[in-house]
Amino acid sequence: MLSREQLDELVDAATRSGLGESGLRGLLFDGIPDAVWSGWPRLRDPHDQLQSDVAHLTASSPQRGTERPLLAIWLGNAFGLRATRPEGELFRRLQGILDGRSAPPAAVAPVTIDAPLPEDSIEAAVAVGLAGSAE
């Protein structure tokens, strides 16, 4: 369960990132049956809408057949929509907390090469783990 401060931070980040736009609401609820959320209030102010939706998601029981909180599903969708924005990392972190992970999975560090490889050297590419196909 998230703290009041985390929920406030979530709503503020969602508002900043534009997730309160009416066209995105259905995408945020992807994976949650329409019957669960379609009767919830529709508000004009994007911040108020997000606050209302998050409050309803927090108060709702997990979907039948899963123990996953509905807010975790919503956060996964929010991350998918805003992964490249700074707020995306917050959505991912909060989803991890709800899914029982204290921290999100570590990202794999990219491999860097200090010196350029000869263009015709497949063996050199394989040696540093960058196997390509020879065509």
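Residues numbered from 1 in each chain as written. Predicted model: local features only at pLDDT ≥ 70, side-chain atom pairs only at ≥ 80, totals over all residues. Heavy atoms only, no water.

## Digging into the side chain of R92
Along the chain, the position of R92 falls in helix α6 (residues 86-98). Here E89 takes part through its side chain, which lies 2.7 Å from a polar atom of the side chain of R92. (Helix = DSSP H or I, 4+ residues; strand = E, 2+ residues; numbered from the N terminus. Polar contact = N/O pair within 3.5 Å; in protein donor to acceptor, adjacent residues only side chain to side chain.)

## A few points about the packing of aromatic side chains
Overall, the coordinates contain two aromatic pairs when judged by the stated rule. Between F29 and W37 the ring centres are 4.3 Å apart and the planes differ by 10°, which places this aromatic pair in the stacked class. Both rings, one in F29 and one in W40, keep their centres 5.8 Å apart while their planes meet at 70°; by these two values the pair is edge-to-face. Taken as a pair, F29 in the loop between α2 (25-28) and α3 (34-37) and W40 in the loop between α3 and α4 (46-59) lie far apart in primary sequence, eleven residues in all. The exposure class of F29 is buried, given its relative accessible area of 2%. Relative accessible area serves as the criterion here: at 12%, W40 is assigned to the buried category. Counting every residue linked through ring pairs, the aromatic cluster contains F29, W37 and W40. (Phe/Tyr/Trp six-rings, centres within 6.5 Å; stacked < 30°, edge-to-face > 60°. Buried < 20%, exposed > 50% of the residue type's maximum accessible area, 1.4 Å probe, protein only.)

## Some details on helix α1 (residues 4-16)
The end-to-end C-alpha distance of α1, which contains 13 residues, comes to 18 Å, matching closely the 18 Å that a straight helix rising 1.5 Å per residue would cover. The set of residues buried in α1 consists of Q6, L7, L10, V11, A13 and A14. The buried residues of α1 occupy one face: seen down the axis, they fall within an arc of 165°. Residues of α1 that are exposed and point over 90 degrees away from its buried face: R4, E5 and R16. (Expected span 1.5 Å × (residues − 1). Arc of directions from axis to C-beta.)

## A closer look at the confidence of the model for the protein chain
Atomic detail in the predicted coordinates should be set aside for any region of low pLDDT. Residues at a pLDDT of 70 or more form 75% of the protein chain, whose mean pLDDT is 82. Considering only residues more than four positions removed or in separate chains, one finds that residues 130-135, a stretch of pLDDT under 50, has five contacts. (pLDDT = per-residue confidence, 0-100. Contact = heavy atoms within 4.5 Å.)

## Looking at α6
Within α6, burial applies to E87, G88, L90, F91, R92, L94, Q95, G96 and L98. Of the surrounding secondary structure, the elements contacted by the buried residues of α6 are α1 and α5 (70-82). Downstream of α6 by one or two residues, G100 has phi in the positive range, about 90°.

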